[in-house]
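Read off the chains here:
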Amino acid sequence: MIRDEHLESDKGAFTERNDRIQVNKKIKKAARHTSQSEGLIFEKSSPGKRAFELPPLDVPSSDPAKTLGANHRREGVEAFPEVSEIEVLRHFTRLSTWNFAIDLGMYPLGSCTMKYNPRVNEFVARLDGIATEHPLQPQELSQGCLKILWLLEQCLLEITGMDAITLQPAAGAQGELTGLLLIRAYLEKQGNARKKVLIPDSAHGTNPATAVIAGYEVENIKSESHGQIDVEKLRELVTEDVAALMITNPSTLGIFEERIPEIAEILHAKGALLYMDGANMNALAGVARPGDLGVDVMHLNLHKTFSTPHGGGGPGAGPVAMKKILEPFRPVPILVEKEGGRLVLEPVRPHSIGKIKAFSGNFGVLVRALAYILAYGPGIRQATEDAVLNANYIRKHLEGVYDLPYSLPSMHEVVFSDAIQKKNGVNTMDIAKRLIDYGFHPYTTAFPLIVPGALMIEPTESESKEECDLFIDAMLSIAEEAAATPDIVKTAPHTTRVRRLDEVGAARNPILRWDPSRPEKTPAQKKHDITDAKHREPTPVTPTA
């Protein structure tokens, strides 16, 4: 429920600005949005309106105060909106027209991998006997669901080249934690859990936090001049105190770490293990198997590589695959095949790290991932190759127009910087905001942190050549604007219903509750907020794994 506080007060400024700034005729994808403005649902409220009447109770009524206890009983919800059914329907329908979605166009968010979720995934996940089953029903009645989990495990083990897997973790970051807890349990059984985890500066941003939560100190390794891990520096840092190296491959630069087998040997020689952040496995699936390269444990982001729903805080899935040495420590319950192919969930293992999540993970998400894998079959290699092709196609057309700080071959994503545009006062955030006017969701800005002013672009395999060409044309046009009329880019977006906001102020002082007594800002204050936001440097936001 977001109210556009700027439309009325800024009509004059909006008209004046459009007189000054000609609409770029090169914008082929987007046009001005014509949907209606929208107030808050609270502002539509009138006493006595009803949208829905509950049916009569089919059980004996009871006194809530007696059943729940007086301390847990509220008389009502203060200021709860009273609106009619059609008002509710129109309100949320109009709000939905303000959103951008993968169903409307490309999400070139590097690192996040916002690929299309095929509809077959949703169809399968909604089938009777899949969507309706309860995790506490007898396992004899759940053989079909357990077979789905078993088959997914076998597929993921084949794709990763690992020996064992757990489907429990609910996200990539939880998968990271699970992997490190497996390493800690293994090393503790050896007699020394060790103290440090090494993490390259090109790794995903959640890795250091995960290591600390797992009880380790973090030591950073700077990349060498080509964006690869500095292997010679690694040799110096791997001591008897090091438990593991957490490496993202391909890295957040979109570059494949070429010396992985050598890195694994260096670690193993000192009794340390190699953890691979598999969030970028969509660049490797069907082409290279981390287990064959010496990786000991890794997580997979099913919402990235295998197209399950992504965003909104979940539900997610971050399975962890591992080598045999870590298998005894897997989270329980563990799916096991018995005589005659009967499947059971074993609740007890003497060396297990315990439960990571309730039951066996987010079942509906796991179903979607299996549907995606089975739909592709061996063709999952083509999905990987298409993702790499799309990223390199975009790179080839934008190289030289935008600065490319690392020249090694790109995998599934390409990372430019704003160094060329910065000469005219245009930064990565300005370019991203201007991209909205061209009908695209912005790319990932200011990440990875080792590239100042980063533009991180990932088209995924979902996008056609036509869509990639439209994106390329938009980026080339914005580069021209940044050179000739930078003010157009620095003040973008121009065609959205809400112009550029003070994102730093909104993050630090969010207003999350509607208060009718809160005084409205004057038009002058609102205009000052917008103007002030235009001159802020972008705030780096580290994507989660």
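Computed from a predicted model, the values in this text were never measured in an experiment. (Residues numbered from 1 in each chain as written. Predicted model: local features only at pLDDT ≥ 70, side-chain atom pairs only at ≥ 80, totals over all residues. Heavy atoms only, no water.)

### Describing helix H13 (residues 428–437)
1) Next: When you tally the buried positions in H13, you get nine out of 10 residues, the bulk of the element.
2) Next: Packed against the buried residues of H13 are helix H12 (419–422), strand S11 (444–445), strand S12 (454–457), helix H14 (465–484), helix H15 (486–490) and helix H16 (503–508).
3) Next: Here H13 starts with a cap whose side-chain oxygen sits 3.0 Å from the backbone nitrogen of methionine 429, and that cap is asparagine 427.
4) Next: A positive backbone phi angle near 95 degrees is found at glycine 439, which sits one or two residues after H13. (Buried < 20%, exposed > 50% of the residue type's maximum accessible area, 1.4 Å probe, protein only. Helix = DSSP H or I, 4+ residues; strand = E, 2+ residues; numbered from the N terminus. Contact = heavy atoms within 4.5 Å. Polar contact = N/O pair within 3.5 Å; in protein donor to acceptor, adjacent residues only side chain to side chain.)

### Comments concerning the packing of aromatic side chains
1) Next: Scanning all chains against the criterion turns up seven aromatic pairs.
2) Next: Taken together, a centroid distance of 6.3 Å and an interplanar angle of 55 degrees make the contact between tyrosine 402 and phenylalanine 416 tilted. Separated by 14 residues along the polypeptide, tyrosine 402 in the loop between helix H11 (380–398) and strand S10 (414–417) and phenylalanine 416 in strand S10 bring together distant segments of the chain.
3) Next: Phenylalanine 416 sits in the buried class, given a relative accessible area of 0%.
4) Next: Each ring, one from phenylalanine 440 and one from phenylalanine 471, has its centre 5.5 Å from the other, and the planes form 85 degrees; the classification is edge-to-face. Taken as a pair, phenylalanine 440 in the loop between H13 and S11 and phenylalanine 471 in helix H14 lie far apart in primary sequence, 31 residues in all. (Phe/Tyr/Trp six-rings, centres within 6.5 Å; stacked < 30°, edge-to-face > 60°.)

### Here we look at H11
1) Next: In this model H11 runs 28 Å from its N-terminal to its C-terminal C-alpha over 19 residues, within 8% of the 27 Å that 1.5 Å per residue would give.
2) Next: Taken as a whole, H11 has its buried residues at Ile380, Ala383, Thr384, Ala387, Val388, Asn390, Ala391, Ile394, Arg395 and Leu398. The buried side chains of H11 occupy one side of the element, clustering within an arc of 150 degrees when seen end-on. When the buried face of H11 is taken as reference, the exposed residues oriented beyond 90 degrees from it are Leu389 and Lys396.
3) Next: Each element contacted by the buried residues of H11 is listed here: helix H5 (143–160), helix H10 (363–376), S10, S12 and H14.
4) Next: Where H11 terminates, the next one or two residues include glycine 400, which has phi positive at roughly 95 degrees. (Expected span 1.5 Å × (residues − 1). Arc of directions from axis to C-beta.)

### What to know about empty space enclosed by the protein
One simple way to see leftover space: roll a probe sized like a water molecule over the atoms.
1) Next: A complete count under the given rule lists five cavities of 30 Å³ or more for this structure.
2) Next: Of the pockets and cavities examined, the largest cavity occupies roughly 130 Å³.
3) Next: Around the largest cavity, the lining comprises 13 residues; the ones closest to its centre are Glu153, Thr166, Leu167, Pro333 and Leu335.
4) Next: Counting only elements with at least two residues in the lining of the largest cavity, the list comes to H5, strand S1 (164–166) and strand S8 (334–337).
5) Next: Here the residues of the lining of the largest cavity are counted per class, giving eight nonpolar, three polar and two charged. (1 Å grid on protein atoms, 1.4 Å probe; cavity = no way out; pocket = protein on both sides within 12 Å on 5 of 7 lines; lining within 4 Å. Points joined across faces, edges and corners; volume = space filled by probe spheres on them. Nonpolar A, V, L, I, M, F, W, Y, C, P; charged D, E, K, R; others polar.)

### Some thoughts on the layout of surface pockets
1) Next: In this structure, the second largest pocket spans a volume of roughly 560 Å³.
2) Next: Contributing to the lining of the second largest pocket are 23 residues, with His134, Pro135, Leu345, Phe359 and Ser360 lying nearest its centre.
3) Next: Of all the secondary structure elements, the ones that give two or more residues to the lining of the second largest pocket are H5 and H10.
4) Next: Ranked by residue count, the leading element in the lining of the second largest pocket is H5, at three residues.
5) Next: Grouping the constituent residues of the lining of the second largest pocket by class yields 14 nonpolar, seven polar and two charged.

### Some thoughts on unusual backbone geometry
1) Next: Residues asparagine 249 and proline 250 are joined by a peptide bond in cis, for which omega reads -5 degrees.
2) Next: Residue placement: proline 250 occurs in the loop between strand S4 (242–248) and helix H9 (260–269).
3) Next: Of note, the amide linkage connecting phenylalanine 447 to proline 448 takes the cis form, showing an omega dihedral of 5 degrees.
4) Next: Looking at the element boundaries, proline 448 is found in the loop between S11 and S12.
5) Next: If you check the backbone angles, phenylalanine 359 has positive phi at about 60 degrees while not being a glycine.
6) Next: You can see phenylalanine 359 is positioned in the loop between strand S9 (343–346) and H10.
7) Next: Even without glycine at this site, threonine 460 takes up a positive phi of about 65 degrees.

### Topic: the pattern of salt bridges
1) Next: Taken as a whole and assessed by the stated rule, the structure comprises 32 salt bridges.
2) Next: A salt bridge links glutamate 480 to lysine 26; the shortest N-O distance between them is 2.5 Å. One end of the pair, glutamate 480, is in helix H14; the other, lysine 26, is in the loop between helix H1 (11–20) and helix H2 (64–68), with 454 residues separating them in the sequence.
3) Next: For lysine 29, the salt bridge goes to glutamate 467, with nearest N and O atoms at 2.9 Å. Taken together, the residues lysine 29 in the loop between H1 and H2 and glutamate 467 in helix H14 connect sequence positions 438 residues apart.
4) Next: Judged by its relative accessible area of 12%, glutamate 467 falls in the buried class.
5) Next: What you see here is one network of salt bridges that share partners, running through Glu327, Arg330, Lys338, Glu346 and Arg349. (Salt bridge = Lys/Arg side-chain N within 4 Å of Asp/Glu carboxyl O.)

### Considerations on the packing of helix H6 (residues 172–190) against helix H7 (residues 206–213)
1) Next: Between H6 and H7, whose axes approach to 9 Å, the crossing angle comes to 45 degrees. The pairing of H6 with H7 is recorded here as oblique in orientation. Crossing geometry of H6 relative to H7 is assigned as right-handed. Note on element contacts: H7 touches H6 through Thr206, Asn207, Thr210, Ala211 and Ile213, opposite Ala173, Glu176, Leu177 and Leu180. (Axes fitted to C-alpha atoms, helices over the stretch in contact; angles between N-to-C directions. Parallel < 35°, antiparallel > 145°, perpendicular 65-115°, else oblique. Left-handed = near helix turned anticlockwise from the far one by under 90°.)

### Let's talk about the pairing of strand S2 (residues 196–200)
1) Next: Most of S2 sits inside the fold, with four of its five residues counted as buried.
2) Next: Direction of pairing for S2 relative to strand S3 (residues 217–221): parallel, over a ladder of five bridges. When the bridges of S3 are listed, valine 197 appears paired with valine 218.
3) Next: Taken together, S2, H7 and S3 form a β-α-β motif whose crossover is right-handed. (Pairing = 2+ DSSP bridges. Right-handed = clockwise from strand over helix to strand, strands pointing away.)

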